[in-house]
Amino acid sequence: MTTNIRRGNIPNAPSGVGPYLDEIYTLKGFFGDWAMIYRSQNVGHPSEWTNPDLMNLGTDTNLLKPTDLTDPAGAPMPLLKGDGVQISLSRRSKVSPFLEKNSDNHQIRFYHRGEFELQTELGPLDVKAGDFVVIPIGMMFREVPKTSDNAIVIFETRAPIRPAEELWDSVGLTFTATDYTLMEVPTPKPGTKEEIAVRTEVRVKLRDEYEKLVFDFNPLKDVVGWLGDPVIYKFNVWNVPGMGSSHGFLPPPSGAVLIGDDRSFFFTVQMPRPFPNVPAPDGSYGAPAHRNDYDEFWFNHRSQNAEETEGHMWRLPPTVVHPGLKRPPEYPQNPVERIQECKLNFDTRVRLSWTKEATQAFFQDPHTAVYTSLYGAHIGILPEQALRHVKK
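Residues numbered from 1 in each chain as written. Predicted model: local features only at pLDDT ≥ 70, side-chain atom pairs only at ≥ 80, totals over all residues. Heavy atoms only, no water.

Novice: How should I be thinking about the overall build of the protein in this particular structure?
Specialist: Counting its secondary structure elements, the protein contains five helices and 25 strands. For 392 residues, the compact-globule estimate of 2.2 N^0.38 gives 21 Å, and the protein sits close to it at 22 Å. Dimensions of the protein, computed from the C-alpha atoms along their principal axes, are close to 75 × 45 × 45 Å. Out of the 392 residues in the protein, the part that is buried amounts to 53%. (Helix = DSSP H or I, 4+ residues; strand = E, 2+ residues; numbered from the N terminus. Rg over C-alpha atoms; globule rule 2.2 N^0.38 Å. Buried < 20%, exposed > 50% of the residue type's maximum accessible area, 1.4 Å probe, protein only.)

Novice: When you look at the packing of aromatic side chains in this model, what are you seeing that I'm missing?
Specialist: Where two aromatic rings form a pair, the distance of their centres and the angle of their planes describe that pair. Tallied over the entire structure, the rule returns 16 aromatic pairs. Across the ring face of tyrosine 210, the terminal group of arginine 203 is positioned such that the distance to the ring centre comes to 4.4 Å. (Phe/Tyr/Trp six-rings, centres within 6.5 Å; stacked < 30°, edge-to-face > 60°. Lys NZ or Arg CZ within 6 Å of the ring centre and 35° of its normal.)

Novice: How should I be thinking about the sheet that holds strand β10 (residues 131-135) in this particular structure?
Specialist: Working definition: the strands of a sheet are paired by backbone hydrogen bonds and lie parallel or antiparallel to each other. Here seven strands make up an open sheet; going across it, the order is β16-β10-β7-β12-β5-β4-β25 and the pairing antiparallel. One side of each edge strand has no neighbouring strand; the edge strands of this open sheet are β16 (233-236) and β25 (353-354). Sheet topology places β10 next to β16; four bridges connect them, and they run antiparallel. Bridge pairing in β16 places valine 133 opposite lysine 234. (Pairing = 2+ DSSP bridges.)

Novice: How do you make sense of the sheet that holds strand β1 (residues 21-26) when you look at a structure like this?
Specialist: Pairing is mixed in the open sheet, where three strands are placed in the order β2-β1-β20. Whereas interior strands pair on both sides, the edge strands pair on one side only; in this sheet they are β2 (34-39) and β20 (289-291). Direction aside, neighbouring strands of the sheet carry axes that sit 20° apart on average. Sheet analysis places β1 next to β2, joined by six bridges and oriented antiparallel. Paired with aspartate 22 across the two strands is tyrosine 38, which belongs to β2. (Axes fitted to C-alpha atoms, helices over the stretch in contact; angles between N-to-C directions.)

Novice: Hey, could you run me through unusual backbone geometry in this one?
Specialist: Glycine aside, the phi torsion of most residues is negative, and most peptide linkages are trans. Residue proline 281 follows alanine 280 across a cis peptide bond; omega there is 10°. Its location among the elements puts proline 281 in the loop between β18 (265-270) and β19 (285-287). At arginine 263, a position not held by glycine, the phi torsion is positive, near 60°. With respect to the secondary-structure elements, arginine 263 resides in the loop between β17 (256-260) and β18.

Novice: How do you make sense of the pairing of strand β8 (residues 116-120) when you look at a structure like this?
Specialist: Successive residues of a regular strand alternate their side chains across the two faces of the sheet. Where burial is concerned, most of β8 is hidden: four out of the five residues are buried. Pairing geometry for β8 and strand β9 (residues 123-127), over five bridges, is antiparallel. Opposite glutamate 117, over in β9, you have aspartate 126 as the bridge partner. Connecting β8 to the antiparallel partner β9 that follows it, the hairpin turn spans two residues.

Novice: In this structure, what is going on with the nonpolar core? I would like to understand it.
Specialist: What tends to happen in soluble globular proteins is that the nonpolar side chains get buried as a cluster. Counting residues in hydrophobic clusters, the biggest one holds 48 residues, and the most contacted among them are Phe132, Phe155, Val237, Leu258, Phe267, Val269 and Phe297. Look past the residues within four positions of phenylalanine 155 in its chain and what remains in contact with it is Gln86, Ile87, His106, Gln107, Ile108, Phe110, Phe267, Phe297, Leu344 and Phe346. Counting 13 residues, the second-largest nonpolar core is a separate cluster that includes Met139, Phe141, Ile154 and Ile232. (Core = buried A, V, L, I, M, F, W, Y, C linked by side-chain atoms within 4.5 Å. Contact = heavy atoms within 4.5 Å.)

Novice: I keep staring at the side chain of lysine 343 and nothing clicks. Help me out?
Specialist: Examined against the element boundaries, lysine 343 turns out to sit in strand β24 (residues 341-348). Among the polar contacts made by the side chain of lysine 343, one reaches the side chain of glutamate 341 at a distance of 3.0 Å. (Polar contact = N/O pair within 3.5 Å; in protein donor to acceptor, adjacent residues only side chain to side chain.)

Novice: Even after reading the chapter, I still don't get the environment of tryptophan 354, so can you show me in this structure?
Specialist: Note on placement: tryptophan 354 falls in strand β25. Taking the C-alpha atoms as reference points, tryptophan 354 and arginine 315, separated by 39 residues in sequence, lie 8.5 Å from one another. The contacts of tryptophan 354, once residues within four sequence positions are left out, are Pro52, Asp53, Leu57, Thr59, Leu79, Leu80, Met313, Trp314, Arg315, Thr359 and Phe362.

Novice: Would you take a moment to explain the pattern of salt bridges for this structure?
Specialist: In a structure, side chains of opposite charge can pair up when their charged atoms sit close to one another. Inspection of every chain in the model, using the stated rule, returns 20 salt bridges. For the salt bridge of arginine 158 with aspartate 83, the shortest nitrogen-to-oxygen distance reads 3.1 Å. Linking arginine 158 in the loop between β12 (151-157) and β13 (161-163) with aspartate 83 in the loop between β4 (77-82) and β5 (85-90), this pair joins segments that are 75 residues apart in sequence. We note a salt bridge from glutamate 156 to lysine 205, for which the minimum N-O separation is 2.8 Å. Linking glutamate 156 in strand β12 with lysine 205 in strand β14 (residues 200-206), this pair joins segments that are 49 residues apart in sequence. (Salt bridge = Lys/Arg side-chain N within 4 Å of Asp/Glu carboxyl O.)

In C-alpha cells, the structure reads:
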C-alpha cells in the first residue's frame, strides 16, 4: 500500500522507546506491508507450546559432536531442515579420505573456529575464523584442518547464492557500505605429476544421501587455470560494517551480504550498530519485538562481553513474536574502539524444523536465554543486565 494509517494511542515513534512494548509485523519478510503494534504485555513469552517449531528456541553448538569431530570419514550434523534449506554443524579435526561434492544445494560455509586450507577445483583458499566461503552446487572441495578445535556452520540452499549488492543495484543504487572488492577468489595451484596421479574418492550428496564417485586422479590438483565469474569466493565478517540511523535500529536486510537468486533468503552479518544521536522517546538502541512470514536463524560468532554465548544458535519462527529489547540511547565512551561483537542472521521463506540432534543442547529456559544469549551484549550491555530492560 502507498498510504500508512494511524489508529488509537501512538505513544512514541516506531524508532523510539516508551512505556509500552512495540512490535512490528511485516509481510514478505521485511519487504511487504507492515503494522507497528503498541501493547502492554509481551506475547513473545507463551507459557506452553506443543511443538518446538512454534517457539523461539536456541541450542549451544559447543555441546554438539558431529561424527566428523573424531572420524575423518564422518559427516556434519544437520541442525535445521526445510524444503531446499539445511543448516548443519561440522567440527572436522582431521582431513577426510575423500573430496566432497554437493549435488543437491549451493553452500555458504562459515568458519566459526579454526583454520583450514580449503582445496577447491578452482584453487586453494586459506580460511580462518570469521571467513565464509560460497561454494556452488556440484563443485568439488576438501577442507584440510590446520587446527583441532574447529567449528563450521554450513548453510545449504536450493536457490543460487548472489552478492546482496544486486538488491541495491536493482533499484538504481549501488550500495557501497560493504566493499565486495575485498572478496578473495581461488587461484589454481597445480600439483606435481605424483600428486595428480592419485586414486581419489569423492563423497557426493545426492537427494540427501551420500553416494560415491572414484577417479584415477585428483581433480583438485589438475586444474591449471580458469576464467569467468567468481563462482567460489571468500569474504570475512569483519569487512562488513554495522548499519544504523540517527534514531537507532534498522531491520536485518540492511546488513544483507548474500541473497538467494529468487529472493527466497538473505544472509546478513550483524555488527554493532552506530550509536543513535536522537534521545528517547524518539530514539532508542536495540530492536523492537517482531514477527513476519519468514523463518529467522541467528548464530553468535563473537561476543567480547559474553564469550560464553559464542556458538549459540537460535531459530525464531514466524509463529511467535520475537521479543524485542530496547533501551534509551547514550553516547559511547571515548576513545572509539571496535566492539568485538558479531552475529550471523539467515532469513528464509522456507519453514525450518529442528533435528533431534539439535534438541539435545536446547536451553532449558528459552524466555531468559533469548535475552542473555541472543540479545544481551548485542545492544551494548552485559547479558545479565539485559533482563533489566525486559518488559514482561
